[in-house]
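Summary of the model geometry
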Amino acid sequence: MTGAAALALPLAKAGEVGEGFFHERSSETLPCQATDKLFCFDWAKENIGRYGTPTVQHLELVAISVLLGFAIAFAFSLLAHRRPWLRPPLLAGTGILYTIPSIAFFFLLLPITGRGRETAIIALSAYTLQIIYRNTMIGLANVPTAVKDAARGMGLTERQILWKVELPLATPEIVAGLRIATVSTVAIATLAVFAGGGGLGTQIYGQGNINFATSIIIAGGIAILMALAFDAVLLITQRLTTPWRRGAQA
Amino acid sequence: MPDPEVTDEVPSADASAVRYENATKRYGDSAEAAVERLNLEIPAGEVCVLVGPSGCGKTTAMRLVNRTVELTEGDVLLDGESVRDRDPARLRRETGYVIQQIGLFPHRTVAENIATVPHLLGWKKERIGARTAELLELIGLDPELGERYPAQLSGGQQQRVGVARALAADPLVMLMDEPFGAIDPINRERLQNEFLRLQAEIRKTVLFVTHDIDEAIKMGDRIAVMRKGGHVAQYATPAELLMAPADEFVEDFVGADRALKRLALMRVSDIDLWEAPLAHVGQATAEVRAKLRGAEVPYPLLVDSERRPLGWLSERDLAAETVAARPDSPLGPLLDLDDVMRDALADLLQGEAQYAAVADHRGRIAGVLSVEIISEFLASPQAKTEEHGAAERPH
Amino acid sequence: MSLPLLPALAGRLFTVPPSASFGGAVEFIFTPQTSNVTGGKTVGGLSQVVELTLTQLEVTVLALALSLAVALPIGLYLGHRGKGEFLAIGIGNAGRAVPELALIALMATAIGVGVLNLTVALAVLGVPPILTNAYVGVRQVDRSSVDAARGMGMSELEILRKVEVPLAIPTIFSGIRGATIAIVATATIAPLAGVLTLGDFIINQNVYGDDGVVAGAMLVAFLALALEFSLAGLQRLLTSKGLKVSTA
């Protein structure tokens, strides 16, 4: 077998469907699926209630993961702020956690934390670390030297400078990082179903939903709306906490 | 007018002296010190300018006072107390600090910026508010600007806020590092003048760093010209510096136009003016011609009934019986007693006149100025003893 | 927010579910074994691993190439002209909000399974980061360099090629790396669309067992890290010396 053929073979075979892949069609969705429509409005109206719990679960997953990720990443930033030697390892470490696909992370944790919500949360938090850490460091680095010099010369202690000057001025970048992290987490949390963590993914993958377009669309739609809502709220928060950025003189 | 209730808590004459005693700053293991054994005494209430080429250590020397740069050896005494004995943060709350890029806090309003140190010192809200209002007025800013953010102000306004912020807690000493360096020349002059006006009122001890010798001469009561390593080549008043530079370095630094620079320090009123024979309209020319003999200025000046100069009379004018209302030659440049000497000379040269009439503040003739008078005066011993403080000098 | 979370977490850390272990996973990778979950089927072993890995790699590369072909020119053009900021940034934000599971599942259900469909879906995921970063990277190039180049008589294309792109490489590459991560991660759930990648080990736990699941996770993680590492190396090669400053 020539090398090229050896490479092409897997791709060619890839079309073969693996076993145990398509789940059984659930009887309650059958009427809608039988019509082969993309989106059944009637079914949607009737069954909208079943999305309540998954949505709440999803919200919780996202909120807890992002808050946990923020707490850890922020702590990292404070540590690395005055210790430049910490920065490369922290950046690399959080980078590795970011690169590993979440679904793989869920199952890397399997021998340690098993299945369940905790596993999902750990993996989702880990994913947010790099974004938040990096943005916080950039925000702090962007504080003008003259402002820090003036603050020091006026008699603020290093701690006062950090909390009263540097962090407030870094807020836009920090919130930007939070926004990216949150939106990404909402999308990825759909995978939590694989870890047994619940969430909207259950309405896409679990129990006969896998080839039920209406449910996929609804669940996906809710996820996207949630992401946009979080984004909007954080954007407004950013605007509210940085009144000095409005109306600058040319 | 500042509120009397507040001003008596702001003692203006309570400015303090700064003394460097063998102050040395060495970075790392380098053999050369940034500042080497500096000995300097700055009297209270005066503006002392540290001037010199880049890298001479003037900024480093200034920063030794508030310990934003730490001493390697030697000492700096602030109001008699060593800065080493003070906690740096507390020390800095008693020194005003103004830097070139200003460094206003972008995320705080102008009023909040000014209130920074009083806040740190735990002043009560009312006191801070009163002080802020007072300072805004002092620096000539509209009180409503207090609620704006720095980004909404012009460069000149920002710099003024920077000065106000440094003055807020009524510090013992003001440290100013090229504070007007980043401003355009027109506004820089305005800011310098305003600072001098302010200094005339509050009389702070100021340590001012600049690389611009003209600024040093304008702003300083005393100037320390520094060489590399923070070595003081000369520490003197501006007039002394201009008239008697200590060595070639100082001479080069001050510039070849020393004499002209001196003229910036004087007013026309400092000089003994010559007198021109005066003529009135309708006067008999014979009288006028009689006055001409032996006069200091060989041309008669036509004045009105109030002794206000109208023009110069020529030979042709004197040929007539009486003095005509319209003189032959126009008045030319008309100077004022309060004019800065350098500007007066410029006017003289520009008008291509040999003599220029000088009037007092009511417009009445006070004397006549010429280039000859100026150069005679510069050479005379009398000029050497004239010395105004920076705030009283023409600016 | 569930406060019992922390104790629960701690509890979990100290109990090892009986059927999964890292050792077992490693064994799974190298030696074919009889699945003890679905009766009698042979699972695991290097050849199966290699096959699935190659599939994932190939699908990723194809999708990435497609994304690049679409997104890079558009992003660079918009950035150079300074137009379409809302679109360029907006697409980046929108792309991040798309739940990959829903995308793949919907595609499989509504359009159909297969490599072609999958590649297009993956490419769709890869476009936003590349486009946004290409735009931002070019926009952030120092205007004075561009002005100088224009003043020297360079054509617009030359400016883009010789000045803007080289200076924007770090940002552009950051976008490419982001796209790759997103594509590799989604390629992991490709089995849902009928394309067998390493994700099959993970998703079909009832075939491969817990050992297989952990093995799949390890392999996917390794693949993602290897790709990221290679791209980082490539970026370093392509970045001019003058730009190599470390940040953050």
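Residues numbered from 1 in each chain as written. Chains lettered and ligands numbered in written order. Predicted model: local features only at pLDDT ≥ 70, side-chain atom pairs only at ≥ 80, totals over all residues.

**Here we look at the overall build of chain A**
Inclusion rule: In this text, helices come from DSSP runs of H or I with a minimum length of four residues, and strands from runs of E with a minimum of two, each type numbered from the N-terminal end. To sort residues by burial, count the other C-beta atoms lying within 10 Å of each one's C-beta; a count of 20 or more means buried, 12 or fewer means exposed, and anything in between means partly exposed. C-beta atoms are built from the backbone.
Summing up its helical and strand segments, chain A has 11 helices and zero strands in all. Overall, chain A shows an N-to-C arrangement of helices and strands of α-α-α-α-α-α-α-α-α-α-α. When the 250 residues of chain A are sorted by exposure, 48% land in the buried category.

**Focus: the overall build of chain C**
Counting its regular elements, chain C contains 10 helices and two strands. Its helices and strands in sequence order give chain C the pattern α-α-β-β-α-α-α-α-α-α-α-α, from N to C terminus. Classification of the 248 residues of chain C by burial places 47% in the buried group.

**A look at the sheet that holds strand 16 (residues 365–370) of chain B**
Residues and elements named next belong to chain B. What counts here: For two strands to be treated as a pair, DSSP must find at least two bridges joining them. Convention adopted: a line fitted to C-alpha atoms gives each axis, helices being fitted over their contacting stretch, and angles between N-to-C directions are expressed from 0 to 180 degrees.
Ordered by their spatial adjacency, three strands build an open sheet running 14-15-16, and the pairing between neighbours is mixed. Two strands bound the open sheet, and with one partner strand each, they are strand 14 (334–336) and strand 16. Within this sheet the neighbouring strands show an average axis-to-axis angle of 35 degrees, counted without direction. Relative to strand 16, strand 15 (residues 355–359) runs antiparallel, the two being bridged by five bridges. Within the sheet, the bridge partner assigned to Ala356 lies in strand 16 and is Leu369.

**Some words on the interface of chain B and chain A**
Quite often, the size of an interface is put as the accessible area lost when its parts meet. Where we set the bar: A pair of residues counts as a contact when their C-beta atoms, built from backbone coordinates, are separated by no more than 7 Å. Side-chain classes are defined by residue name, with Ala, Val, Leu, Ile, Met, Phe, Trp, Tyr, Cys and Pro counting as nonpolar, Asp, Glu, Lys and Arg as charged, and the others, Gly among them, as polar.
Taken together, the contact between chain B and chain A spans 22 residues of the former and 17 residues of the latter. When residues of the side of chain B that touches chain A are traced back to their parent elements, those giving at least two are helix 3 (88–92) and helix 5 (116–121) of chain B. Looking at the side of chain B that touches chain A residue by residue, the class counts come to 11 nonpolar, eight polar and three charged.

**Thoughts on the pairing of strand 16 of chain B**
Most of strand 16 of chain B sits inside the fold, with five of its six residues counted as buried. From the end of strand 15 of chain B to the start of strand 16 of chain B, which pair antiparallel, there are five residues, and Gly363 of chain B there has a positive phi angle of about 90 degrees.

**Some details on the interface of chain C and chain A**
At the interface, 57 residues of chain C touch 55 residues of chain A. Counting only elements with at least two residues in the side of chain C that touches chain A, the list comes to helix 1 (5–13), helix 3 (46–81), helix 4 (85–97), helix 5 (100–111), helix 8 (156–187), helix 9 (199–203) and helix 10 (205–238) of chain C. Counting residues per element, the side of chain C that touches chain A draws most heavily on helix 10 of chain C, which supplies 13 residues. Broken down by class, the residue content of the side of chain C that touches chain A amounts to 39 nonpolar, 10 polar and eight charged.

**Some details on the packing of helix 3 of chain C against helix 6 (residues 115–139) of chain C**
Residue and element names in this part refer to chain C. So the rule is basically this: Take the far helix as the reference: if the near one is turned anticlockwise from it by less than a right angle, the crossing is left-handed, and if turned clockwise, right-handed.
The geometry of helix 3 relative to helix 6 is characterised by a closest axis approach of 6 Å and an angle of 30 degrees between their N-to-C directions. In this structure, the crossing between helix 3 and helix 6 has a hand that is right-handed. Classifying every residue of the contact of helix 3 with helix 6 by side-chain character gives 22 nonpolar, eight polar and one charged.

**What about the confidence of the model for chain C?**
Residues and elements named next belong to chain C. Selection criterion: Values of pLDDT, which run from 0 to 100, indicate the predictor's confidence residue by residue.
Overall, the prediction assigns chain C a mean pLDDT of 83, with 86% of residues at 70 or greater. Confidence scores differ between elements of chain C, with helix 1 showing the lowest mean pLDDT of 51 and helix 6 the highest of 93. When the criterion is pLDDT under 50, residues 10–18 qualifies, and its contacts beyond four places in sequence or with other chains add up to nine contacts. Scoring the predicted complex yields pTM 0.77 and, for the interface, ipTM 0.82.

**Considering the sheet that holds strand 9 (residues 222–227) of chain B**
Residue and element names in this part refer to chain B. The six strands lie next to each other as 6-7-8-3-9-10, forming an open sheet whose pairing is mixed. In this open sheet, the two edge strands, each paired with only one partner strand, are strand 6 (95–98) and strand 10 (231–236). For this sheet the average axis-to-axis angle between neighbouring strands, irrespective of direction, equals 15 degrees. The pairing of strand 9 with strand 10 spans five bridges and is classified as antiparallel. Note on strand 10: the bridge partner recorded for Met226 is Val232. Contacts from helix 7 (residues 155–167) reach strand 6 and strand 7 (173–177), with the element oriented near 165 degrees to strand 6.

**Digging into unusual backbone geometry**
All names here are of chain B. The backbone of Ile102 sits at a positive phi, close to 65 degrees, despite the residue not being glycine. Among the secondary structure elements, Ile102 is positioned in the loop between strand 6 and helix 4 (110–114). Phi at Glu352 takes a positive value of approximately 50 degrees, unusual for a residue other than glycine.

**Side note on the pairing of strand 7 of chain B**
Residue and element names in this part refer to chain B. The buried fraction of strand 7 is high, at five of five residues. Residues Val173, Leu175 and Asp177 line one face of strand 7 and the alternating positions Met174 and Met176 line the opposite face, and both faces are buried. Relative to strand 7, strand 6 runs parallel, the two being bridged by four bridges. Bridging from a neighbouring strand, Thr95 pairs with Val173 of strand 7. In this sheet, strand 8 (residues 205–210) lies alongside strand 7 in parallel orientation, the contact comprising five bridges.

**Things to note about the environment of Ala31 of chain B**
Residues and elements named next belong to chain B. With respect to the helices and strands, Ala31 occurs in the loop between strand 1 (18–25) and strand 2 (35–42). Judged by local crowding, Ala31 falls into the exposed class, with 5 C-beta atoms found within 10 Å. Residues Ala31 and Val371, spaced 340 residues apart in sequence, show a C-alpha to C-alpha distance of 52 Å.

**Regarding the packing of helix 10 (residues 158–188) of chain A against helix 4 of chain C**
Filter applied, for reference: The scheme is simple: roughly parallel for angles under 35 degrees, roughly antiparallel for over 145, roughly perpendicular for 65 to 115, oblique for anything else.
Where helix 10 of chain A contacts helix 4 of chain C, the two axes come as close as 7 Å, and the packing angle between them is 40 degrees. The angle between helix 10 of chain A and helix 4 of chain C places the two elements in the oblique class. Along the contact surface, helix 10 of chain A presents Ile180, Val183, Ser184, Val186 and Ala187 of chain A, while helix 4 of chain C presents Asn93, Arg96 and Ala97 of chain C. In terms of residue class, the contact of helix 10 of chain A with helix 4 of chain C is made up of five nonpolar, two polar and one charged.

**A word on helix 2 (residues 58–65) of chain B**
All names here are of chain B. For helix 2, the tally of buried residues reaches eight of eight residues, placing the bulk of the element in the interior. Lys58, Thr59, Thr60, Ala61, Met62, Arg63, Leu64 and Val65 are the residues of helix 2 that are buried. Trailing helix 2 by a residue or two, Arg67 shows a phi angle of about 60 degrees, which is positive.

**Some details on the confidence of the model for chain A**
Residue and element names in this part refer to chain A. With 81% of its residues at a pLDDT of at least 70, chain A reaches an overall mean of 84. Within chain A, no element has a lower average pLDDT than helix 1 (residues 3–13), which sits at 55, and none a higher one than helix 4 (residues 52–81), at 95. Low pLDDT, under 50, characterises residues 14–25; the stretch is placed with 27 contacts to residues that sit more than four places away or in other chains.

**Points about the environment of Leu337 of chain B**
Residue and element names in this part refer to chain B. Relative to the elements of secondary structure, Leu337 occurs in the loop between strand 14 and helix 15 (341–350). Overall, Leu337 belongs to the partly exposed group, with 17 C-beta atoms counted inside 10 Å. Taking the C-alpha atoms as reference points, Leu337 and Asp317, 20 residues apart in sequence, are found 28 Å from one another. In this view, Leu337 contacts Val268, Ser269, Val358, Asp360, His361 and Ala366; residues no more than four positions away in its chain are not counted.

**What about the environment of Leu104 of chain B?**
Turning to its location among the elements, Leu104 of chain B is positioned in the loop between strand 6 and helix 4. As for Leu104 of chain B and Lys261 of chain B, which are separated by 157 residues in sequence, their C-alpha atoms are 34 Å apart.

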